[in-house]
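Per-entry structural report
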Amino acid sequence: MDESRPIFIQIAEQIENDIIDGSLPEGSQIPSTNEFAAFLRVNPATALKGVNRLVDDGIVEKRRGIGMFVTVGARDRLVERRRAEFSAQYIRPLIIEAEKLGIDIDQLAGLLRAERIDS
Amino acid sequence: MTPTVVRVDGLTKRYGSFTALDRVTFDLEENRIYGLLGRNGAGKTTIMQLLTGQLFPSDGEIEVFGRTPAEHADVLRRMCFIAESQRYPEDFTAAHVLKAAPWFFENWDAAFAERLVADFRLPLKRRIKKLSRGQLSAVGVIVGLASRAPLTFFDEPYLGLDAVARHIFYDRLLEDYAEHPRTVVLSTHLIDEVANLLEHVILIDQGRILLDRDAEEVRGTASTVAGPRATVEQFVADRPVIGREALGGLASVTIDGRLDQADRVRAAELGLELAPVSLQQLIVHLTGTDLAGSTEQEAAA
């Protein structure tokens, strides 16, 4: 866990990552908050707060007495949101560092192409 | 709202001219895990002894489960206090302790205690005074967990416990707390190890409360900004500073208050390094001697 940010946000992000990469498909059940708490060694209230954040965002839904499930359309919404944040989160710091080192945009583009992982 | 288990108002404890606790006010809510943190002699044990009716306050009010704890058996029965150096009757073995425990704790789970004995590899038949320091601590931890008291205090429960045993304690505490929620107060110096277990933090220093906040709120509230001194000073100009170090033209300043995305971008543009401050580091800053005077006002504000 990263010290600089609230744990509940990190827990929410971990679940989001699992939804985006398909290890938690839409309609599947996510682990219980007590399971998260035990696995990550965090207070169950913290884990609950993380999961509730996803409930508020409509990414997972509560089925009373059964558990929490990934909603239909959750993955598309997450990908869309992550794309919107991509620039501020990754591109901006990249450009700041590149400018510091005197790498111009064309060189940077070249570096990106060279580093691209074929898939 | 969550019911309040403990209500303390203006609690003061004096020993002659020495004031161990100075007008302390806080509440403990039901079914949460609290960290009672602070340096040696800060007043942590005094608070727990007052709450469990082992000491009488010099001034102020204490209510535990709605009543004064001292001399109220129905209140005392619902509490378990694991002291740092618990004394046991001469010739007692750990087996005697576990046999006697259900007389004091109505929720005692003998099967759980047995499992913990195996986890901690505690020799049951050896006399307590022959146990190692770690094994003695294990006896306390087992009693504290298996008693399942609605209000459980652990006062530095793990003197001498090795890292493996401490993690067994954290794991079992979390598991059992999830199944049987109760109010737990954990007093410890090993702040980094327990930081993620805590829901709420009460920091006490020299008999006064410095911080009384949810652990999630505390996390990420402080950051260290490092870089060229003038740039750092410019960046932290309007922020509450809780620690300051300088080396030549470089400075490293710890500030209280959350940094947002815009602050981070600005710091990166200025070429400043931002580093998170752990709960333990924050407490070192808040209770360190150099800035204690000024931080108290900032923490109270």
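Residues numbered from 1 in each chain as written. Chains lettered and ligands numbered in written order. Predicted model: local features only at pLDDT ≥ 70, side-chain atom pairs only at ≥ 80, totals over all residues.

Side note on the overall build of chain B
Put simply, the test is: Going along the chain from the N terminus, every DSSP run of H or I of four or more residues is numbered as a helix, and every run of E of two or more is numbered as a strand. Throughout, a pair of residues is in contact if the C-beta atoms placed from their backbones lie within 7 Å.
Within chain B, the secondary structure is distributed over 12 helices and 13 strands. Each of the three principal axes of chain B carries a C-alpha extent, and together these read 65 × 40 × 40 Å. Within chain B, counting contacts between residues at least 6 apart in sequence, those at least 24 apart form 67% of the total.

A few points about the overall build of chain A
Convention followed: Here a residue counts as buried when 20 or more other C-beta atoms sit within 10 Å of its C-beta, as exposed when there are 12 or fewer, and as partly exposed otherwise, the C-beta atoms being derived from the backbone.
Along the backbone of chain A there are 5 helices and 3 strands. Secondary structure of chain A in N-to-C order comes out as α-β-α-α-β-β-α-α. On the principal axes, the C-alpha backbone points of chain A span a range of 60 × 30 × 25 Å. Residues classed as buried in chain A amount to 24% of the 119 residues present.

Some thoughts on the interface of chain B and chain A
The accessible area lost on association of the parts is a frequent measure of interface size. Opposite the 19 residues of chain B that make contact, chain A presents 20 residues. For the side of chain B that touches chain A, the secondary-structure elements that each account for two or more residues are helix H6 (163-179) and helix H10 (261-269) of chain B.

Looking at the packing of helix H4 (residues 74-100) of chain A against H10 of chain B
Applied cut-off: The axes are straight lines fitted to the C-alpha atoms, using for helices just the contacting stretch, and the angles between their N-to-C directions are given from 0 to 180°. Between 65 and 115 degrees an angle is taken as roughly perpendicular, under 35 as roughly parallel, over 145 as roughly antiparallel, and anywhere else as oblique. Should the near helix be turned anticlockwise from the far one by less than a right angle, the crossing is left-handed, and should it be turned clockwise, the crossing is right-handed. Classes in brief: Ala, Val, Leu, Ile, Met, Phe, Trp, Tyr, Cys and Pro nonpolar; Asp, Glu, Lys and Arg charged; the others, Gly included, polar.
H10 of chain B packs onto H4 of chain A with a crossing angle of 15° between their chain directions and a minimal axis gap of 10 Å. Overall, the two elements H4 of chain A and H10 of chain B adopt an arrangement that is roughly parallel. The two elements H4 of chain A and H10 of chain B cross, and the hand of that crossing is right-handed. Contact with H4 of chain A, carried on its side by Ala88, Arg92, Pro93 and Ile96 of chain A, involves Gln261, Val265, Ala268 and Glu269 of chain B of H10 of chain B and no other residues of that element. Of the residues that constitute the contact of H4 of chain A with H10 of chain B, the class distribution is 5 nonpolar, 1 polar and 2 charged.

Comments concerning the sheet that holds strand S5 (residues 79-82) of chain B
All names here are of chain B. The criterion, for reference: A pair of strands is treated as paired once DSSP finds two or more bridges between them.
On the basis of which strands lie adjacent, the open sheet formed by 6 strands has the order S5-S6-S7-S3-S8-S9 and mixed pairing. Taken across any chain shown, the strands that pair with only one partner, and hence form the sheet edges, are S5 and strand S9 (208-214). Geometrically, the sheet is characterised by an average inter-axis angle of 15° between neighbouring strands, direction not taken into account. Here 4 bridges tie strand S3 (residues 33-37) to strand S7 (residues 183-187), and the two strands are oriented parallel to one another. Across the sheet, the residue bridging to tyrosine 34 is valine 185, located in S7.

What to know about the domain arrangement of chain A
Filter applied, for reference: Here the bounds of each domain stem from an automatic or database domain assignment.
You can read the domains of chain A as domain 1 (7-74) and domain 2 (84-115). Taking only C-alpha atoms into account, the centre of domain 1 of chain A sits 33 Å from that of domain 2 of chain A.

Focus on the sheet that holds strand S3 (residues 67-70) of chain A
Residues and elements named next belong to chain A. One open sheet holds the 3 strands; their spatial order is S1-S3-S2, and the pairing between them is antiparallel. Edge positions in the open sheet fall to strand S1 (29-30) and strand S2 (60-63), since each of these has one partner strand only. Of the pairings in the sheet, the one linking S1 to S3 comprises 2 bridges and is antiparallel in character. Residue pairing in the sheet places glutamine 29 in a bridge with phenylalanine 69 of S3. The sheet contacts of helix H3 (residues 44-56) involve S2 and S3, and relative to S2 the element is tilted by about 105°.

Remarks on the pairing of S3 of chain A
All names here are of chain A. Bridge count between S2 and S3: 4 bridges; the pairing is antiparallel. What sits directly across from glutamate 61, in S3, is phenylalanine 69. Linking S2 back to S3 in an antiparallel pair, the connection comprises 3 residues, with glycine 65 at a positive phi of about 80°.

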